[in-house]
Amino acid sequence: MRLLLLLQGAAALSSGALPPSALYKPTQAGDRAVSWLAALGVFAKLVKRRPAAAVVAGLLTQPLAAGITRDLLRTPDLAEPASLLPDSNSRIVDTDPLEGVRIITYEGTGSVTVHASHGFGSTSESFQELLEALSVQPNVGSVIAHDHSGFGLTKRPSQRRKYMLGGDVALALTRNASSVVFIGHSMGAVSATDAAVRAAEAGTRAALVLIAPAIVAGRSIGPPSVKRRSVIARAVGALTKLVVTRWPFRVFVRRLVLAKDFWPRGLGATYGERARQNKDNVNAYARRYARAAGTIGWERGLLAFCAARLEQVLHALLTGDSIEARLARTLRSAYIPLDRVLIINGVDDALVPVANARRLVENLKKSAPAASVELVEIAGAGHCPHEEGDVSEVVGKFIK
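Nothing here was measured: the structure is a model prediction, and the numbers come from that model. (Residues numbered from 1 in each chain as written. Predicted model: local features only at pLDDT ≥ 70, side-chain atom pairs only at ≥ 80, totals over all residues. Heavy atoms only, no water.)

> Explain the overall build of the protein chain here, please?
For the protein chain, the count of helices and strands is 17 helices and 8 strands. For the protein chain, long-range pairs separated by at least 24 residues make up 77% of all intrachain contacts whose partners lie at least 6 apart in sequence. With the model as given, the accessible surface of the protein chain reaches about 19800 Å², and the carbon-plus-sulfur share is 58%. (Helix = DSSP H or I, 4+ residues; strand = E, 2+ residues; numbered from the N terminus. Contact = heavy atoms within 4.5 Å. Areas by Shrake-Rupley, 256 points an atom, 1.4 Å probe, with all protein chains shown as cover.)

Written out as structure tokens, the structure is:
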């Protein structure tokens, strides 16, 4: 009879008839006490084979889990992206490849369109000051940046293929432009390069600005050996399966990102020493980065992006068709209107060292001697030169 009553209570809990808070209101002392009781219940089940112990453990751990979710993980009240837009320059639009894309736009009077792709963990707000400064140049028309799928305020789709990093959205947003300068920071350099290459192949005059590009400059271009392919396939396949196991990663990511000092510390670690001392600037950008954590499904989207990106990296490693190789082929062609590349890198960048940018420039110049490939090194800057200081003059001179 007691077992039947316990089962009925468990059924009531699972059906939502009794809210967890009706049984247990989480406190620090209560969490510890109830967790010990749950552990004892499980222990009794395993050692003495008492079925009722499992039900007791379930009754205790179900409200405990709710308490942990509310207090320990500090889950915020999540909202639709449109309600989190910071100003009138931001809006949500639908593009052909993706619905619910957040964009930032500024309108100028010129004919050159500028599009910017942000880095991992960032949003289009990373470029806000740079884009606003570029929009007042007489030769610049529309200035656009968008949040990649899985980041910022862009809607989190259910299909993982829509999280693939590429230039589809950038191309959709610049479809009617005759001349486009694509800007990419860190991870966004891959997206910007893909968009620039494809736009140029379609006949649009394009130029490329890469800021601390997360494009590993290879020492040779070509597919790896068969043995190496097998090792790569197994390693990346295992990582992809691990990431797809969503729940543990979602708990970990939520706890990590929602920590009060996560973004200030993270940005401080990537900035150069001078910018790191400017606490007001660091905190201002930290608030922009953190805005996405209020969006419904943000951690699910982040993990979906990571899984999709691992698949893309695996493909590039197995085929040898890297983004660097694609850019080099395009710059070599006399019939494709993409022949100018500007790379900006902080000298004190600890994430993407300036040595990588130097090697990338060297590789591109060797592959395409007729192309204009320029490197600007920013002394004292770290991984985000456009956030740490003003690079609009450097980029503005490059835009023609």
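> Would you take a moment to explain the environment of glycine 152 for this structure?
Structurally, glycine 152 is set in the loop between strand E4 (140–146) and helix H6 (168–173). Among the residues examined, glycine 152 registers a relative accessible area of 3% and is labelled buried. Expressed as a C-alpha distance, the spacing of glycine 152 and glutamate 125, which sit 27 residues apart in the sequence, is 8.7 Å. (Buried < 20%, exposed > 50% of the residue type's maximum accessible area, 1.4 Å probe, protein only.)

> Can you help me understand unusual backbone geometry in this one?
Glycine aside, a negative phi is what most residues show, and trans is what most peptide bonds show. Phi is positive for serine 186, close to 55°, though the residue is something other than glycine. Along the polypeptide, serine 186 turns up in the loop between strand E5 (179–185) and helix H7 (188–201). For serine 186, a relative accessible area of 10% gives the class buried. Non-glycine residue alanine 212 carries a positive phi angle of around 45°. With respect to the helices, strands and loops of the structure, alanine 212 is situated in the loop between strand E6 (205–211) and helix H8 (226–244). Assessed through its relative accessible area of 0%, alanine 212 is described here as buried.

> I keep staring at the pattern of salt bridges and nothing clicks. Help me out?
A side chain of one charge can pair with a side chain of the opposite charge if their charged atoms are brought near each other. As enumerated under the stated definition, the model contains 12 salt bridges in all. Between arginine 276 and glutamate 273 there is a salt bridge, and its shortest N-O distance comes to 2.6 Å. With arginine 276 and glutamate 273 both in helix H11 (residues 273–276) and 3 residues apart, the pair spans about one turn of that helix. Given a relative accessible area of 28%, arginine 276 falls into the partly exposed group. We classify glutamate 273 as partly exposed; its relative accessible area is 45%. Three or more residues are tied together by salt bridges with common partners; here these are Arg102, Glu125, Asp147 and Arg291. (Salt bridge = Lys/Arg side-chain N within 4 Å of Asp/Glu carboxyl O.)

> Would you explain the layout of surface pockets in this entry?
Leftover empty space is mapped by rolling, across the atoms, a probe with the size of a water molecule. Reported here for the second largest pocket is a volume of approximately 710 Å³. Considering the residues around the second largest pocket, the lining is formed by 36 residues, among which Phe120, Gly121, Ser122, Phe262 and Trp263 are closest to the centre. Of all the secondary-structure elements, those providing two or more residues to the lining of the second largest pocket are helix H9 (246–257), helix H10 (262–270), helix H12 (279–290) and helix H13 (298–319). A total of 6 residues in the lining of the second largest pocket trace back to one element, the largest contributor, which is H10. (1 Å grid on protein atoms, 1.4 Å probe; cavity = no way out; pocket = protein on both sides within 12 Å on 5 of 7 lines; lining within 4 Å. Points joined across faces, edges and corners; volume = space filled by probe spheres on them.)

> How should H7 be read in this particular structure?
Helical geometry: 3.6 residues make up each α-helical turn, so side chains three or four residues apart lie on a common side. Its 14 residues give H7 an end-to-end C-alpha distance of 20 Å, which sits within 8% of 20 Å, the value for a rise of 1.5 Å per residue. For H7, every residue scored as buried is listed here: Gly188, Ala189, Val190, Ser191, Ala192, Thr193, Asp194, Ala195, Ala196, Val197, Ala199 and Ala200. Positive backbone phi, at 105°, marks glycine 203, one or two positions downstream of H7. (Expected span 1.5 Å × (residues − 1).)

> Sorry, what's going on with the sheet that holds strand E7 (residues 338–346) here?
Sheets are built from strands that pair by backbone hydrogen bonding, the pairs being arranged parallel or antiparallel. Read across the sheet, 8 strands follow the order E1-E2-E4-E3-E5-E6-E7-E8 without closing on themselves; strand pairing throughout is mixed. Bordering the open sheet on either side are strand E1 (90–93) and strand E8 (372–378), each of which pairs with just one other strand. Here the strands of the sheet are splayed against their neighbours by 20° on average, with no regard to which way each runs. Direction of pairing for strand E3 (residues 112–117) relative to E5: parallel, over a ladder of 5 bridges. Along E5, the bridge assignment pairs threonine 113 with valine 180. Lying over the sheet, helix H14 (residues 323–332) contacts E6, E7 and E8, oriented at roughly 140° with respect to E7. Here helix H15 (residues 354–367) sits on the sheet and contacts E7 and E8; the angle it forms with E8, its principal contact strand, is near 165°. (Pairing = 2+ DSSP bridges. Axes fitted to C-alpha atoms, helices over the stretch in contact; angles between N-to-C directions.)

> Which parts of the structure should I look at to understand the packing of H14 against H15?
A packed helix pair is summarised by two numbers, namely the angle formed by the two axes and the spacing between the axes. Contact geometry of H14 with H15 gives a least axis separation of 9 Å together with a crossing angle of 40°. Taken as axis vectors, H14 and H15 run oblique relative to one another. For the element pair H14 and H15, the recorded crossing hand is right-handed. Contact residues: Glu324, Leu327, Ala328, Leu331 and Arg332 in H14; Leu360, Asn363, Leu364 and Ser367 in H15. The class makeup of the residues in the contact of H14 with H15 is 5 nonpolar, 2 polar and 2 charged. (Parallel < 35°, antiparallel > 145°, perpendicular 65-115°, else oblique. Left-handed = near helix turned anticlockwise from the far one by under 90°. Nonpolar A, V, L, I, M, F, W, Y, C, P; charged D, E, K, R; others polar.)

> Quick question: what am I supposed to make of the pairing of E7 here?
For a regular strand, side-chain orientation follows a simple rule: the groups alternate between the two sheet faces. In terms of residue burial, E7 counts as a mostly covered element, since 8 of its 9 residues are buried. Here E7 runs beside E8; their pairing, made up of 7 bridges, is parallel. For asparagine 345, the partnering residue across the bridge sits in E8 and is glutamate 377. Handedness of the E7-H15-E8 crossover: right-handed. (Right-handed = clockwise from strand over helix to strand, strands pointing away.)

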